[in-house]
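Chain by chain, the residues:
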Amino acid sequence: MIPVQNIYYMLTYVLPLLRENVYRDISAEKFENISDMCAAILIKGITQQVKNGLNKEYKEKNEPLSTPKGKLNISDSLKNRNYMNNRLVCSYDDFTVNSYFNRIIKSTVFQLLKSDIDIQRKRILSTLMSNFCDVQPLDLRTVNWNIPYSRNNKAYKLLISVCYLFTKGLIQTTCDGKLRVMDFLDEKRTYNLYEKFILEYYRKEFPQLNVCPSRIKWQLDNDCCDMLPVMQSDISLSDKSDRNILIIDAKYYSHNTQELYGKHTLISSNLYQIFTYVKNKEAELSGKPHKISGMLLYAKTDDEIQPDNEYSMSGNKITVRTLDLNCDFTEIKRQLNGIAEKNFFLNSSTHKSRRQSD
């Protein structure tokens, strides 16, 4: 189980806007659960957005008015006999706060208010919703999360991301069609966060390295590549010359080993996968100076036996490690720093001085 506070720190790498001044003091707050954390972030963001002004967009309205406005809709006026009450149906554009962004936020807050969050945070959220009186809630199951952002609405990006985290990671639909809030992120969502966190951590903390998820080409002896799956590594670290490369595959499971007849072994499919990545990358760079290594980086579980091995396979180093997420975040950073420092011959003082200069 990952402490909620560490989930927050991981999110600060995945969602860099959380490091801005508006949200900075949230790190000092205590959260009982993920819902509580989402509530704390939304309180800060919504409060700031109310001060700056809620997002507005033009919506077409078609309604009977006593004073004509926009385009007259004569047929509807005659059909509904609005003219008898000295009213005409008009179509016009209304600049309203009932925007898609605000509707998502209001609907998410309504669900948060039903969940197990701090009573004081519930009061603040309820008060903030008084600014959303003209906003219509929507069904969170139907939201299109691929929303384009512009300079005018980019401040909403973090708020919508937190709404997405809460909705997709914490809300489930029950058999009767109702929504309920889970106590914690499901395994799939936590795995996605874990993988993204490691990638973004190395991007931020080790600017002297090239950090990216890399696509590895199959090294074929002929031109036949039909039906071959894409080889996409989770994280690839390399020095600026791209001669020293570490391919990391992040794994988040409830169990990090497989057991047969009382004997624990590495999960075979994971080992085959990282070995395939490394050997194809090795073949790709043949004829050039290079060093290719691979690592399976598991999130540590409560199991007594945890993988911690280093192998030399056909000239390449394959390492299997666990990352303990159930500890103080400074220890998590130490573990991740150690991986980069060992594989790229960096020392702690150099790393710190580079970070301080950024």
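Below: a short report on this structure. No experiment lies behind these values; they were computed from the predicted model shown. (Residues numbered from 1 in each chain as written. Predicted model: local features only at pLDDT ≥ 70, side-chain atom pairs only at ≥ 80, totals over all residues. Heavy atoms only, no water.)

Of the regular secondary structure elements, the chain holds 11 helices and 15 strands. Over its C-alpha atoms, taken along the principal directions, the chain stretches across nearly 90 × 55 × 50 Å. The proportion of buried residues among the 358 residues of the chain is 44%. For the chain, the exposed area adds up to about 19,800 Å²; of that, 48% sits on carbon and sulfur atoms. Both charge centroids of the chain, one from 50 positive and one from 42 negative side chains, sit 6 Å from each other. (Helix = DSSP H or I, 4+ residues; strand = E, 2+ residues; numbered from the N terminus. Buried < 20%, exposed > 50% of the residue type's maximum accessible area, 1.4 Å probe, protein only. Areas by Shrake-Rupley, 256 points an atom, 1.4 Å probe, with all protein chains shown as cover. Lys, Arg positive; Asp, Glu negative; His and termini not counted. Charge placed at Lys NZ, Arg CZ, Asp CG, Glu CD.)

For the structure shown, the criterion picks out 16 aromatic pairs. Measuring from ring centre to ring centre gives 6.1 Å for Tyr8 and Phe31, while their planes differ by 50 degrees; the resulting arrangement is tilted. You can see Tyr8 sitting in helix H1 (residues 4-14) and its partner Phe31 sitting in the loop between helix H2 (21-24) and helix H3 (34-52), a full 23 residues away along the chain. Judged by relative accessible area, Phe31 falls into the buried class, the value being 9%. Ring centres of Phe101 and Tyr149 lie 5.5 Å apart, and the angle between their planes is 35 degrees; on these two criteria the pair is classed as tilted. With Phe101 in helix H5 (residues 100-113) and Tyr149 in the loop between helix H6 (119-128) and helix H7 (156-170), this pair connects stretches of sequence that are 48 residues apart. Three or more aromatic residues link up through ring pairs in this structure, and these residues are Tyr8, Tyr9, Tyr13, Phe31, Phe197, Tyr201, Tyr202, Phe206 and Phe329. (Phe/Tyr/Trp six-rings, centres within 6.5 Å; stacked < 30°, edge-to-face > 60°.)

If you add up the space inside the largest pocket, you get close to 630 Å³. Val14, Leu15, Ser161, Tyr164 and Leu165 are, among the 21 residues lining the largest pocket, the residues nearest its centre. Elements with a minimum of two residues in the lining of the largest pocket: H1, H7 and helix H8 (187-205). Element by element, the count of residues in the lining of the largest pocket is highest for H7, at eight residues. Residue classes in the lining of the largest pocket are distributed as 13 nonpolar, four polar and four charged. Put simply, the second largest pocket is a space of about 380 Å³. Partitioning the lining of the second largest pocket into residue classes produces eight nonpolar, four polar and five charged. (1 Å grid on protein atoms, 1.4 Å probe; cavity = no way out; pocket = protein on both sides within 12 Å on 5 of 7 lines; lining within 4 Å. Points joined across faces, edges and corners; volume = space filled by probe spheres on them. Nonpolar A, V, L, I, M, F, W, Y, C, P; charged D, E, K, R; others polar.)

Here the focus is the state of the cysteines. Applying the stated criterion across every chain, the model contains zero disulfides. Considering cysteine sulfurs only, Cys225 is the nearest to Cys224, which forms no disulfide, with 6.7 Å between them. (Disulfide = S-S within 2.5 Å.)

This part covers the pairing of strand S15 (residues 316-323). Of the strand pairs in this sheet, strand S13 (residues 291-299) and S15 are connected by seven bridges, and their pairing is parallel. Counted as the bridge partner of Gly294 is Ile318 from S15. (Pairing = 2+ DSSP bridges.)

Let us now look at H8. Spanning 19 residues, H8 covers 26 Å between terminal C-alpha atoms, matching the ideal 27 Å at 1.5 Å per step. Along H8, the positions that sit buried rather than exposed are Thr190, Leu193, Tyr194, Phe197, Ile198, Leu199, Glu200, Tyr201, Tyr202 and Glu205. (Expected span 1.5 Å × (residues − 1).)

Glancing now at the side chain of Thr108. As for its position among the elements, Thr108 is in helix H5. Leave out the neighbours within four places in its chain, and Thr108 touches Leu42, Leu140, Cys163, Phe166 and Thr167. (Contact = heavy atoms within 4.5 Å.)

At their nearest, the axes of H5 and H6 sit 10 Å apart, and the two run at 150 degrees to each other. Comparing their axes, H6 and H5 come out roughly antiparallel. Considering only the axes of H5 and H6, their crossing is left-handed. Contacts between H5 and H6 involve Val109, Leu112 and Leu113 from the former and Lys122, Leu125 and Ser126 from the latter. Its residues assigned to classes, the contact of H5 with H6 shows four nonpolar, one polar and one charged. (Axes fitted to C-alpha atoms, helices over the stretch in contact; angles between N-to-C directions. Parallel < 35°, antiparallel > 145°, perpendicular 65-115°, else oblique. Left-handed = near helix turned anticlockwise from the far one by under 90°.)

Judged by side-chain polarity, Trp218, Leu220 and Leu228 come together as a nonpolar surface patch covering roughly 230 Å² of accessible area. By the secondary structure assignment, Leu228 is in the loop between strand S7 (215-216) and strand S8 (231-232). Relative accessible area serves as the criterion here: at 35%, Leu228 is assigned to the partly exposed category. (Patch = residues over 30% accessible without salt bridge, like charges linked within 9 Å, V, L, I, M, F, W, Y side chains within 5 Å. Salt bridge = Lys/Arg side-chain N within 4 Å of Asp/Glu carboxyl O.)

This is a description of form; function is not addressed.
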